[in-house]
Amino acid sequence: MTGILLTQNGTPIIGDVAKLMGWIMNALFNFLDGVFGIQNIGLCIILFTIIIYLLMLPLTIKQQKFSKLSAIMQPEIQKIQKKYQGKKDQDSMMKMNEETQAVYQKYGVSPTGSCVQLAIQMPILFALYQVIYRIPAYVGSVKNIFTGVVDNLVAVNGYTDILQQFITDHSMTRVRLVMDSAGNATSNSIVDFLYALSPSQWKELAQMDQFSGFSDAIAKASGNISKMQGFCGLNIADQPLYYIMEFFKNHGSLLLAIVALLIPVLAWATQMLNLKLMPQAATQPADGNDQASAMANSMKTMNMVMPLMSAFFCFTFPVGLGIYWIASAVVRSAQQFAINRHLDKMNIDDLVNEN
């Protein structure tokens, strides 16, 4: 892949997975451009998310089989826990562990089976987020849009302090300039900074006195990236809150405000749907088992709070991240629906024998 940035994620394992995913994203962008003449980052994010989750489908099915067996095993596990409840001597603890292990062996699963599946999936999901968040670091065609502007910016005396002040003034908390050995912002981190700009911030950058000599180049780059970032009338670098505030403060477009509002609403709704489709473990705690009851209540609360947090964050996060969250939740829900139907048709004895 050509034109990659040094600001690619360098975390062990996650960074390596992100590079592989970046190759897929870059190939997908070039395919849409070459075959259909479409250069749209929002559409690429959706298709990219679908492809990655389809590749993860075997892991997902295996994890769901474990969850189904766990739900069936739970009453037997709880019966054993009730049997030894209050007994803290070493002999009783050993017998409880032996009987619990026997249940796991009966169903052919490991107590750590779910953890192993999650341990495999988590680096993939983290890498997926990194690619979505740092598109220019992995898609050469997007990075090339900013090359001319970057060359002009680094030629300005004190450009690092100017850009850093711009970041501070506009509260761009998710943007960080990376410095070289001389204390100047690297060209690659400036590309990341430019990619994070909203259309209004591009205009402010072009109007700055220090950059007046190449304002046309800034305007051209802004126009090119805006075309790539357009999605349903919104710019994926903007925040949904921006369009909503524009409507109330400056009599902006009501339609765009409604579309922007749909981003956090759909983020909440799709995640709630995904949680509803997830298999639920048996909730029949042994009598007096306060710990089991507390865990069940904690899980229920978390399932209510997490979608609400996603909706809240989507108001102030770029639209592109909201699109990713919605697309991933929709894909997970579709997969979960199909997996549930598949597992419901399976004979439990066949599943145990398979394990």
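Note that the structure is predicted; figures quoted are calculated from it, not measured. (Residues numbered from 1 in each chain as written. Predicted model: local features only at pLDDT ≥ 70, side-chain atom pairs only at ≥ 80, totals over all residues. Heavy atoms only, no water.)

**Topic: the pattern of salt bridges**
Which entries qualify depends on this criterion: Each reported salt bridge corresponds to a side-chain nitrogen of Lys or Arg within 4 Å of a carboxyl oxygen of Asp or Glu. A run of DSSP states H or I qualifies as a helix once it reaches four residues; a run of E qualifies as a strand once it reaches two. Both are numbered from the N-terminal end. Residue exposure (1.4 Å probe, protein chains only): buried if accessible area is under 20% of the type maximum, exposed if over 50%, otherwise partly exposed.
Applying the stated criterion across every chain, the model contains two salt bridges. With its nearest N and O atoms 3.2 Å apart, the salt bridge here joins Glu 99 to Lys 83. Taken together, the residues Glu 99 in helix α4 (residues 90-107) and Lys 83 in helix α3 (residues 57-83) connect sequence positions 16 residues apart. Among the residues examined, Glu 99 registers a relative accessible area of 25% and is labelled partly exposed. With its nearest N and O atoms 3.5 Å apart, the salt bridge here joins Asp 91 to Lys 95. You can see Asp 91 and its partner Lys 95 sitting in helix α4, four residues apart, about one turn around the helix. In this structure Lys 95 comes out as partly exposed when scored by relative accessible area, which is 39%.

**What to know about the environment of Gly 320**
Short version of the rule: Residue contacts are defined here by distance: any two heavy atoms, one from each residue, within 4.5 Å place the two residues in contact.
One can find Gly 320 in helix α16 (residues 319-345). In this structure, the C-alpha to C-alpha distance between Gly 320 and Gln 239, residues 81 residues apart in sequence, is 8.8 Å. With residues up to four places along the chain from it excluded, the contact list for Gly 320 reads Ile 45 and Ile 236.

**Some details on the side chain of Thr 60**
Structurally, the position occupied by Thr 60 is in helix α3. Once residues lying within four places of it in the same chain are set aside, the contact partners of Thr 60 are Gln 121, Gln 335 and Ile 339.

**A word on the packing of helix α1 (residues 14-36) against helix α2 (residues 41-55)**
This is how the line gets drawn: Inter-axis angles, ranging from 0 to 180 degrees, are taken between N-to-C directions of lines fitted to C-alpha atoms, where helices are fitted over the stretch in contact. Should an angle fall under 35 degrees it is called roughly parallel, over 145 degrees roughly antiparallel, and 65 to 115 degrees roughly perpendicular, with every other angle called oblique. Crossing chirality is assigned from the near helix's rotation relative to the far helix, an anticlockwise turn below a right angle marking it left-handed and a clockwise turn marking it right-handed. Nonpolar residues are Ala, Val, Leu, Ile, Met, Phe, Trp, Tyr, Cys and Pro. Charged residues are Asp, Glu, Lys and Arg, and all others, Gly as well, are polar.
Between α1 and α2, the shortest axis-to-axis distance is 10 Å and the interhelical angle comes to 130°. Looking at the two axes, α1 sits oblique to α2. Remark: the crossing between α1 and α2 carries right-handed chirality. Along its contact with α1, which presents Met 21, Ile 24, Met 25, Leu 28, Phe 29 and Leu 32, the element α2 presents Ile 41, Leu 43, Cys 44, Ile 45, Leu 47, Phe 48, Ile 51, Ile 52 and Leu 55. The residue inventory of the contact of α1 with α2, partitioned by class, reads 15 nonpolar, no polar and no charged.

**A short note on the packing of aromatic side chains**
Counted only if it meets this: Two rings from Phe, Tyr or Trp (for Trp, the six-membered ring) form a pair when their centres are within 6.5 Å of each other. A pair whose planes differ by under 30 degrees is stacked, one over 60 is edge-to-face, and the rest are tilted. Look at NZ for Lys and CZ for Arg. If either is within 6 Å of the ring centre and within 35 degrees of the ring normal, a charge sits over the ring.
One pass over the structure, following the stated rule, counts ten aromatic pairs. Ring centres 5.8 Å apart and planes at 10° place the aromatic pair Tyr 129 and Tyr 133 in the stacked group. Of this pair, Tyr 129 and Tyr 133 both sit in helix α5 (residues 113-133), four residues apart, which is roughly one turn of that helix. Taken together, a centroid distance of 5.5 Å and an interplanar angle of 25° make the contact between Phe 313 and Phe 317 stacked. A relative accessible area of 18% places Phe 317 in the buried class. Through successive ring pairs, a cluster of aromatic residues spans Phe 312, Phe 313, Phe 317 and Trp 325. Against the face of Phe 317 rests Arg 174, its NZ or CZ located 4.6 Å from the ring centre.

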